[in-house]
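Letter by letter, the chains look like this.
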Amino acid sequence: MTGVRDAGVPAGTVRIDPLAPSHPGRWEDRHVVVCHVDRAPVPVRLVAARPPERVTEHFEVHRPGDRLLVLHRLRPDELDDDIAGLIAGELTGLVASAADFERIFTGVVRSTISDPLTAWSTFYANSLAALRSPAPAVDAGVAPESSLAAFAPVHERALAEVRGYRVLDVGSCFGFLPLRLAQEGLDVVATDHTRGTMGLLGAVARRRGETVRPVVADARALPAADRSVDTVTAVHLLEHLPAGDTTAVLDEALRVARRRVVVAVPYEDVPEPVYGHLRTFDHADLRALGERAGRPFTVSDDHGGWLVVEVG
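As the structure is a computational prediction, the values presented were derived from the model and not from experiment.

Caption draft 1: Structural view of the packing of helix 7 (residues 246-256) against helix 8 (residues 283-293). In the contact formed by helix 7 and helix 8, the axes pass within 11 Å of each other and the chain directions differ by 50 degrees. Taken together, the axis directions place helix 7 and helix 8 in an arrangement best described as oblique. When the axes of helix 7 and helix 8 are compared, the crossing they make is right-handed. Contacts from T246, T247, L250, D251 and L254 in helix 7 reach L289, R292 and A293 in helix 8. Of the residues assigned to the contact of helix 7 with helix 8, the class counts are four nonpolar, two polar and two charged.

Caption draft 2: View of unusual backbone geometry. One non-glycine residue, C173, lies in the positive phi region at around 55 degrees. With respect to the helices, strands and loops of the structure, C173 is situated in the loop between strand 6 (166-170) and helix 5 (176-183). A relative accessible area of 4% means that C173 is categorised as buried. The phi torsion at H236 lies on the positive side, around 55 degrees, for a residue other than glycine. Tracing the backbone through its elements, the reader meets H236 in the loop between strand 9 (229-235) and helix 7. Since its relative accessible area comes to 0%, H236 is described here as buried.

Caption draft 3: Broad picture of the nonpolar core. Judged by nonpolar contacts, the single largest core of 58 residues is most densely connected at I87, F101, I104, F105, Y124 and F174. Counting residues per element, this core draws most heavily on helix 3 (residues 116-131), at seven residues. Those residues within four positions of I87 in sequence are excluded, and the remaining contacts are F59, T92, V95, F101, I104 and F105.

Caption draft 4: Spatial organisation of the pairing of strand 9. Within strand 9, seven of the seven residues are buried, which leaves the element mostly enclosed by the surrounding structure. With three bridges connecting them, strand 6 and strand 9 associate as parallel partners. If you follow D169 over to strand 9, its bridge partner there is T233. Handedness of the strand 9-helix 7-strand 10 (residues 257-265) crossover: right-handed.

Caption draft 5: Inspection of the packing of helix 1 (residues 83-90) against helix 2 (residues 98-112) at higher detail. At a closest axis distance of 10 Å, the pairing of helix 1 and helix 2 adopts a crossing angle of 130 degrees. As far as their axial angle goes, helix 2 and helix 1 are oblique. Relative to helix 2, helix 1 is oriented so that their crossing is right-handed. Mapping the contact onto sequence places I83, A84, I87 and A88 in helix 1 and F101, I104, F105, V108 and V109 in helix 2. Looking at side-chain class alone, the contact of helix 1 with helix 2 contains nine nonpolar, no polar and no charged residues.

Caption draft 6: Highlighting the sheet that holds strand 10. Strand order in the open sheet formed by seven strands is 8-7-6-9-10-12-11, and the pairing between neighbours is mixed. Among the strands making up the open sheet, the edge pair consists of strand 8 (213-216) and strand 11 (297-301). The mean angle between the axes of side-by-side strands here comes to 15 degrees, regardless of whether they run parallel or antiparallel. Where strand 10 lies against strand 12 (residues 305-310), six bridges are found, and the strand directions are antiparallel. What sits directly across from A264, in strand 12, is W306. Packed on one face of the sheet, helix 4 (residues 148-161) meets strand 9, strand 10, strand 11 and strand 12 and runs near 10 degrees to strand 12. With respect to the sheet, helix 6 (residues 195-208) is in contact with strand 7 (187-192) and strand 8, its orientation differing from that of strand 8 by roughly 170 degrees.

Rules of the game
- Residues numbered from 1 in each chain as written.
- Predicted model: local features only at pLDDT ≥ 70, side-chain atom pairs only at ≥ 80, totals over all residues.
- Heavy atoms only, no water.
- Axes fitted to C-alpha atoms, helices over the stretch in contact; angles between N-to-C directions.
- Helix = DSSP H or I, 4+ residues; strand = E, 2+ residues; numbered from the N terminus.
- Parallel < 35°, antiparallel > 145°, perpendicular 65-115°, else oblique.
- Left-handed = near helix turned anticlockwise from the far one by under 90°.
- Contact = heavy atoms within 4.5 Å.
- Nonpolar A, V, L, I, M, F, W, Y, C, P; charged D, E, K, R; others polar.
- Buried < 20%, exposed > 50% of the residue type's maximum accessible area, 1.4 Å probe, protein only.
- Core = buried A, V, L, I, M, F, W, Y, C linked by side-chain atoms within 4.5 Å.
- Pairing = 2+ DSSP bridges.
- Right-handed = clockwise from strand over helix to strand, strands pointing away.

Here it is in structure tokens:
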């Protein structure tokens, strides 16, 4: 979860129940404690006996023992997927794994608003609003995953590439794209290997009154019949998988789709580990995947790379 669009199991991914109870203003597990300075009833600054390891615009980080203590004052209106960029940018070197990245991300959301479902519903509402905002001026070959507004053109392109009425999205993570597709009147199945994230998507969708069917699934073995959906989308998924899984995932998508498979990847010089990226792609890599599919395909560069395979 946490800004990661994945299926399969990236190294370092943890299983977090995003809706599990916690103390007001505080979220923790045995590795990380995240506290909202103004909302936690305990004066958390007294927990740290030593000077902070880092103070940034949004965070103050301590290590009072074996756990990392992260303090913040983010407001409810600041809860959206851009938190990922704040963590990655301001806590570089302190957050060395995708696992701790997930923990801190979850902790920030949960410590800002006490009720779990309200906290995440606020996060979804803010994120979806930002994804409909105009993108800032960025290099057209790059889709910075730390910026929702910059990712908005990726969603617009994905929506434009869909054919037919029934869509299966692979590696949905929080499910922003499936929710957007559902808002356009499409019949959408969202899949991800992470049970907690799919449960969260279902709970939030019900509260929002939107119809998305979340399914826990391995992208290499989708629980769907041959040619059972019109379009399969895999948007910013493949970079999270070992190279050996890429063809298996594409083959599954081709099996399930009856009209089109849409794949999008970011272009990076090196994989970004805090987002759980394991490999990079370029135009030539996507073309090789298309040629292997043995069907008509196009490859284009637009805020990253796109492979669109025509199935039938």
